[in-house]
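Listed below, chain by chain, are the residues.
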Protein chains: 2
Amino acid sequence: MESPNTNQEKAGVVGRVLAMPKVVKQKVFDICRLTKDVAQDDPRKVIHSLKVGLSISMVSLFYYYQPLYENFGLSAMWAVITVVVVLDYTVGATLGQGLNWTIGTFGAAALGLGTHHLASLSGATAEPILIGAFVFMIAAIASFIRFFPTMKARYDYGMIIFILTFSFISVSGFRDDEVMEMVHKRLSTTVIGGSACVVISLFVCPVWAGEEFHYSTANKLEILGDFLEAFVREYFKISKGESEDNKGDSKDILLLEDYKKVLNSKSIDDSLVNFARWEPGHGKFKFRHPWYLYLQIGVFSRQCAYRMETLNAHLSSDTQGFQEISCTIQELCLEMSLESSKALKELGTSIKTMTRPSSSNRHVANAKVTAKCLKSLLQSLSWKETCLLSLISVVAVASLLIDIVEFIGKIADSVNDLATLTHFHSNDTDKSFISKSS
Amino acid sequence: MESPNTNQEKAGVVGRVLAMPKVVKQKVFDICRLTKDVAQDDPRKVIHSLKVGLSISMVSLFYYYQPLYENFGLSAMWAVITVVVVLDYTVGATLGQGLNWTIGTFGAAALGLGTHHLASLSGATAEPILIGAFVFMIAAIASFIRFFPTMKARYDYGMIIFILTFSFISVSGFRDDEVMEMVHKRLSTTVIGGSACVVISLFVCPVWAGEEFHYSTANKLEILGDFLEAFVREYFKISKGESEDNKGDSKDILLLEDYKKVLNSKSIDDSLVNFARWEPGHGKFKFRHPWYLYLQIGVFSRQCAYRMETLNAHLSSDTQGFQEISCTIQELCLEMSLESSKALKELGTSIKTMTRPSSSNRHVANAKVTAKCLKSLLQSLSWKETCLLSLISVVAVASLLIDIVEFIGKIADSVNDLATLTHFHSNDTDKSFISKSS
């Protein structure tokens, strides 16, 4: 019994050893493809990497040039540390971390100097004990403050730097009698490193968190619009003409998956808005751009996406006897969804191009009117005994679509507020619509 | 016109100045209350803060004691930095960051030494240029690798430390001829700092990410169960007896809001599972605990929560003429929801206590049977013209509840898998049920 087993094992081991170069080759190939994918997906990521390399090499100049080195000595290393930790992908993140770093460092330096002074008054024996007690207290308090929700969101980083610098300065102070000079060096290298980051991040191909947030919000609306269009086509089994049928179907399936990106977008939104708030005015965005409206649009978009998740489950539900019943509702559902889809896409484009939405108000109004019609149709019809099971699905779908229309109305309101507050360019069509409706 | 305005302004300024102490008092009071809330909410956070203070003071010993200081010199500072950055709230996070820190430091040290050796071969003029080029290249490549999704999730931290240490060592190498000794000191202080973190995090009141994840998963199920129970009571306007009516109502409203915590739980789940995977076996959890099953339960819980979001909107919907129609469905919906609710709560308790779910299978089976009954009831009934508008709401609610039952079935399956894989204790009731059903 044993011999074939061991033979097999041996063969397995030999096979695996022989396959090694192949496996390694495959791994290398995978990594190359991943690299290409990431770089193609967003070439700015490549630029960011080059920026990091450039900044660190630049700051290393302190080491290369004798006169600079003599001024700062080992403290110059802090400039390198500052660059590595502060320089981030977006301008907002870099500014936020830079500000945190600066506040943390200066605050800790002041407190550290005070502690050092207090401790040095107390004599040689008590000094280390006092400093130890101070470090323990301040570190514990600062760590606890990190748990406060508001601090966690915006100043977590600064608190870490605070603890770091405080213990650094108060503990080094015990050895280094020229503590003032050390603090001075530490602060100036930090400022130099930080300024290098800010300058490079602001002026070399800047990536603005605000812009990212702006476009991702517009994108979300377009994704939702695409879903609605694809969904009704799929649910009511409507083909889009003979020729492009197959091609269209596979595209629809892709569109039906995209809304999942919106479902869990909250954490990304929250971090982007946090960064965007640090950013100065740039391009079409002023300093106090109403980012809270984007958050609102995000909330409503997610509400739509939750309902789409439920809708999606209905695609696979049993639709026997479906054709007979639903044709009456089908038309209205279809019109409502297509109008909603158009409104969403128009709103998305409106945000993207920062022009006033020209026809979305009309589409939303149409969708709302159709929703009303659908409700009254359901009210006025008397259903015979025919297959109520499949009616459940149709009624549930109709009800979800009506819900979605309501949220699209809210999205449209938010976009209109945004357009008013930030003075979107207006189109002529829009003006004529407004004058007509008023 | 101007004088009353300026007077008002003056009064406003004076008022504000007079109100200052009050405002400050209020702020201080707010902060105190927040501190109390955070501390009461989770006393382990206070303990964590004390742990951080303790570790930093401990590591500062390197500075206080002359013999230790003479061995390590300024490098001892790295031990403090390591502690501040590595020590995190949960054991898993500390171990993960510690491992990242160690791998990053050692990898960078090796590469830094190699670079230093290569550059020193090239002569005095070329050396700084070569080192600059190496730093640029390595920093750029490492920053780019940080964008890879798999690296971002688990090794982001290590990459930052890698860049930091590499530039530190290769750049310092240019000045410091005893580069080997510096690297040696740097590594030993890092190891000392890291070990201090790991020891304190593991042995002083440890907070396990795995345990947090375990209980938060159980909690989610209980929240969903509570929602279902409160929802049907609220939707079908069922009071729970005269005496506790008012008290019950306000409690119900709270229960109807809790599911929102589940909606956006994905990012928390992802980070907890990332930390939990670093943790060694502890208490009831083995090293390779099937955390993926918790992730699965999380996915299904969120699917339920999405539908609850839609259900919640129906609470405020128009329910005129509601009583007449829905009483037929009401009973079934109620039974189905209550069985589901019981199943969810039982599953939650089962996870919490790590005992085999004793009656949840029965409750899920009951809920499924009731869902089938509900479907066939809808099929067999012939609806007269009475108020189809409110029927939409009822049918939509019923359909959503049926959907939820399906996901609860999946949750029960996952929990059963978990019970089998991790050998939950079994109850006698359970055995008798299994033997009956098989």
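Cut-offs used in this document
Residues numbered from 1 in each chain as written. Chains lettered and ligands numbered in written order. Predicted model: local features only at pLDDT ≥ 70, side-chain atom pairs only at ≥ 80, totals over all residues. Heavy atoms only, no water. Helix = DSSP H or I, 4+ residues; strand = E, 2+ residues; numbered from the N terminus. Buried < 20%, exposed > 50% of the residue type's maximum accessible area, 1.4 Å probe, protein only. Areas by Shrake-Rupley, 256 points an atom, 1.4 Å probe, with all protein chains shown as cover. Salt bridge = Lys/Arg side-chain N within 4 Å of Asp/Glu carboxyl O. pLDDT = per-residue confidence, 0-100. Contact = heavy atoms within 4.5 Å. 1 Å grid on protein atoms, 1.4 Å probe; cavity = no way out; pocket = protein on both sides within 12 Å on 5 of 7 lines; lining within 4 Å. Points joined across faces, edges and corners; volume = space filled by probe spheres on them. Nonpolar A, V, L, I, M, F, W, Y, C, P; charged D, E, K, R; others polar. Domains from an automatic or database assignment. Buried area = accessible area lost by both parts, 1.4 Å probe. Polar contact = N/O pair within 3.5 Å; in protein donor to acceptor, adjacent residues only side chain to side chain. Axes fitted to C-alpha atoms, helices over the stretch in contact; angles between N-to-C directions. Parallel < 35°, antiparallel > 145°, perpendicular 65-115°, else oblique. Phe/Tyr/Trp six-rings, centres within 6.5 Å; stacked < 30°, edge-to-face > 60°. Lys NZ or Arg CZ within 6 Å of the ring centre and 35° of its normal. Lys, Arg positive; Asp, Glu negative; His and termini not counted. Patch = residues over 30% accessible without salt bridge, like charges linked within 9 Å, V, L, I, M, F, W, Y side chains within 5 Å. UniProt positions renumbered as here; feature names shortened; annotations may be inferred.

Draft legend 1. Representation of the overall build of chain A within the structure. Along chain A, the regular secondary structure elements total 19 helices and zero strands. Residues counted as buried form 50% of the 438 residues belonging to chain A. Working note: accessible area of chain A is about 20800 Å², and carbon and sulfur atoms make up 62% of it.

Draft legend 2. Local environment of the pattern of salt bridges. Tallied over the full model, the rule gives 27 salt bridges over all chains. Of the charged contacts in the structure, one is a salt bridge between Asp403 of chain A and Arg307 of chain A, with a shortest N-O distance of 3.2 Å. Pair noted here: Asp403 of chain A is in helix H18 (residues 388–421) and Arg307 of chain A is in helix H15 (residues 291–315), with a separation of 96 residues, a long-range link. In this pair, the class of Asp403 of chain A matches that of Arg307 of chain A, namely buried. Between Asp226 of chain B and Lys345 of chain B there is a salt bridge whose closest N-O contact spans 3.3 Å. Of this pair, Asp226 of chain B sits in helix H10 (residues 209–235) while Lys345 of chain B sits in helix H15 (residues 322–353), and the two are 119 residues apart along the sequence. In this structure Asp226 of chain B comes out as partly exposed when scored by relative accessible area, which is 24%. On the accessibility criterion, Lys345 of chain B (26% relative accessible area) is partly exposed. Counted as one network, the salt bridges with shared partners bring together Asp226, Glu229, Arg233 and Lys345 of chain A.

Draft legend 3. Structural context of the confidence of the model for chain A. Residues and elements named next belong to chain A. For chain A, per-residue confidence averages 80 on the pLDDT scale, and residues scoring 70 or more make up 80% of the total. Under a pLDDT of 50 for its full length, residues 428–438 has, in the predicted model, eight contacts with residues more than four places off or in other chains. Reported for the predicted complex are a pTM of 0.81 and an ipTM of 0.79.

Draft legend 4. Representation of the environment of Ser358 of chain A within the structure. Counting through the fold element by element, Ser358 of chain A comes out in the loop between helix H16 (322–353) and helix H17 (360–380). A C-alpha to C-alpha distance of 22 Å links Ser358 of chain A and Phe227 of chain A, two positions 131 residues apart in sequence.

Draft legend 5. Structural context of empty space enclosed by the protein. All chains considered together, the criterion is met by four cavities of 30 Å³ or more. In this structure, the largest cavity spans a volume of roughly 60 Å³. Around the largest cavity, the lining residues are Ser143, Arg146, Ile160 and Ile163 of chain A together with His48, Val52, Val83, Val84 and Leu87 of chain B. Only helix H9 (156–175) of chain A together with helix H2 (44–59) and helix H5 (76–86) of chain B provide two or more residues apiece to the lining of the largest cavity. Classifying every residue of the lining of the largest cavity by side-chain character gives six nonpolar, two polar and one charged. In this structure, the second largest cavity spans a volume of roughly 50 Å³. Considering the residues around the second largest cavity, the lining is formed by Val52, Ile56, Val84 and Leu87 of chain A together with Ser143, Arg146 and Ile163 of chain B. Per-class residue counts for the lining of the second largest cavity are five nonpolar, one polar and one charged.

Draft legend 6. Layout of the domain arrangement of chain A. Residue and element names in this part refer to chain A. The domain architecture assigned to chain A consists of domain 1 (46–203) and domain 2 (209–437). Contacts between the two partners involve 11 residues from domain 1 and, on the opposite side, seven residues from domain 2. Carbon and sulfur atoms make up 67% of the area that domain 1 and domain 2 hide from each other, which totals about 840 Å². Ranking the residues of domain 1 by area buried against domain 2 places Thr90, Gly92 and Arg154 at the top, with a combined share of 47%. Where domain 1 touches domain 2, the interface holds zero salt bridges. Counting across the interface, domain 1 meets domain 2 through three residue pairs in polar contact (both at pLDDT 80 or more).

Draft legend 7. Structural detail: the environment of Ile169 of chain A. Within the fold, Ile169 of chain A resides in helix H9. In this structure the C-alpha to C-alpha distance between Ile169 of chain A and Ala108 of chain A, which are 61 residues apart in sequence, comes to 8.1 Å.

Draft legend 8. Representation of the packing of H5 of chain B against helix H6 (residues 91–121) of chain B in the model. Residue and element names in this part refer to chain B. Two elements in contact, H5 and H6, have axes whose closest approach is 9 Å; the angle formed by their N-to-C orientations is 140 degrees. As far as their axial angle goes, H6 and H5 are oblique. From H5, Trp78, Ile81, Thr82, Val85 and Val86 reach across to H6, where they touch Thr94, Gln97, Gly98 and Trp101. Taken together, the residues of the contact of H5 with H6 break down into five nonpolar, four polar and no charged.

Draft legend 9. The arrangement of the packing of aromatic side chains in detail. Enumeration over the complete set of coordinates arrives at 25 aromatic pairs over all chains. Look at Phe231 of chain B and Tyr235 of chain B: their rings are 5.4 Å apart centre to centre, the planes differ by 15 degrees, and that puts the pair in the stacked class. Taken together, the residues Phe231 of chain B and Tyr235 of chain B, both in helix H10 and four residues apart, mark about one turn of the helix. Accessibility classification places Phe231 of chain B together with Tyr235 of chain B in one group, the buried group. One aromatic cluster is present, built from ring pairs that chain together Phe213, Phe285, Trp291 and Tyr294 of chain A. Positioned above the aromatic ring of Trp278 of chain A is the side chain of Arg154 of chain A, whose terminal nitrogen or guanidinium carbon lies 4.6 Å from the ring centre.

Draft legend 10. Geometry of the side chain of His214 of chain B. Looking at the element boundaries, His214 of chain B is found in helix H10. When near neighbours in sequence (up to four residues on either side) are disregarded, His214 of chain B contacts Phe285, Tyr294, Ile351, Lys352 and Met354 of chain B.

Draft legend 11. Quick look at unusual backbone geometry. Although it is not a glycine, Cys205 of chain A sits at a positive phi angle of roughly 40 degrees. Residue placement: Cys205 of chain A occurs in the loop between helix H10 (179–203) and helix H11 (209–235).

Draft legend 12. Layout of the side chain of Glu309 of chain A. Mapped onto the elements of the fold, Glu309 of chain A is located in helix H15. In this structure Glu309 of chain A is buried but unpaired, with Arg307 of chain B as the nearest side chain of opposite charge at 5.1 Å. Separated by 3.2 Å, the side chains of Glu309 of chain A and Tyr259 of chain A make a polar contact. Leave out the neighbours within four places in its chain, and Glu309 of chain A touches Tyr259, Lys260 and Leu263 of chain A together with Gln303, Tyr306 and Arg307 of chain B.

Draft legend 13. Seen up close, a nonpolar patch on the surface. All names here are of chain A. Residues Met20, Val24 and Val28 make up a contiguous nonpolar surface patch of about 260 Å² in total accessible area. Relative to the elements of secondary structure, Met20 occurs in helix H1 (residues 2–41). Classification of Met20 by relative accessible area gives partly exposed; the value is 48%.

Draft legend 14. Summary view of the UniProt feature "transmembrane region" (unreviewed entry) in chain A. Residues and elements named next belong to chain A. The positions that UniProt labels "transmembrane region" (unreviewed entry) are, in the present scheme, residues 46–66, 72–91, 98–117, 129–148, 155–175 and 187–210. A distance of 28 Å separates the end C-alpha atoms of residues 98–117, which is 100% helix and 0% strand. Helix makes up 79% of residues 187–210 and strand 0%. Its end C-alpha atoms lie 30 Å apart.

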